[in-house]
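Next come the chains, spelled out residue by residue.
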Amino acid sequence: MATEFLHDEAAHRYTMLVGGEPVSFLEYRDHGPSIVFHHTVTVPQHRGRGFAAKLVEHAVDDVERSGRGPITPTCWFVAEWFDRHPERAGLLAAG
């Protein structure tokens with residue numbers, strides 16, 4: 001099944017679609033010089049397949065490519081994702 005990532009800047013939301021169906025969402029707040037990733041959720045029937053981790057990786061890559069950031073993860077899942085990917089710690093806000 002095809003995987004697609006959408007970024008709705010007006011809604012401050014990333015969405016992951018699998019086979020055209022939304023499976024995971026990441027919401028953020030854009031504070032100009034920094035971005036707060038504050039909520040990640042996977043649709044219950046799609047949990048346990050690694051979709052949220054793939055979506056976080058996509059969103060982090062997008063922030064890095066666009067030169068936005070740094071990222072402040074207030075969502076526990078995003079914070080744990082960064083713990084598992086220390087090579088990406090340079091994108092985190094100091095604190």
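Here, the structure is the one placed above.
Overview of the structure. Quick caveat: nothing in here was measured; it's all calculated off a predicted structure. (Residues numbered from 1 in each chain as written. Predicted model: local features only at pLDDT ≥ 70, side-chain atom pairs only at ≥ 80, totals over all residues. Heavy atoms only, no water.)

Turning our attention to the sheet that holds strand β5 (residues 71–73). The strand order across the open sheet built from 5 strands is β1-β2-β3-β4-β5, with neighbouring strands paired in mixed fashion. Strands with a single pairing partner mark the edges of an open sheet, and in this sheet they are β1 (3–8) and β5. Across the sheet, the mean angle separating the axes of adjacent strands is 25° when strand polarity is ignored. Looking at chain direction, strand β3 (residues 21–30) and strand β4 (residues 35–42) are connected through 7 bridges and run antiparallel. Bridge pairing links Phe25 to Val41 in β4. On the sheet, helix α1 (residues 51–66) packs against β1, β2 (13–18), β3, β4 and β5 and is oriented at approximately 130° with respect to β2. Across the sheet, helix α2 (residues 76–84) lies against β3, β4 and β5, angled at about 115° from β5, the strand it touches most. (Pairing = 2+ DSSP bridges. Helix = DSSP H or I, 4+ residues; strand = E, 2+ residues; numbered from the N terminus. Axes fitted to C-alpha atoms, helices over the stretch in contact; angles between N-to-C directions. Contact = heavy atoms within 4.5 Å.)

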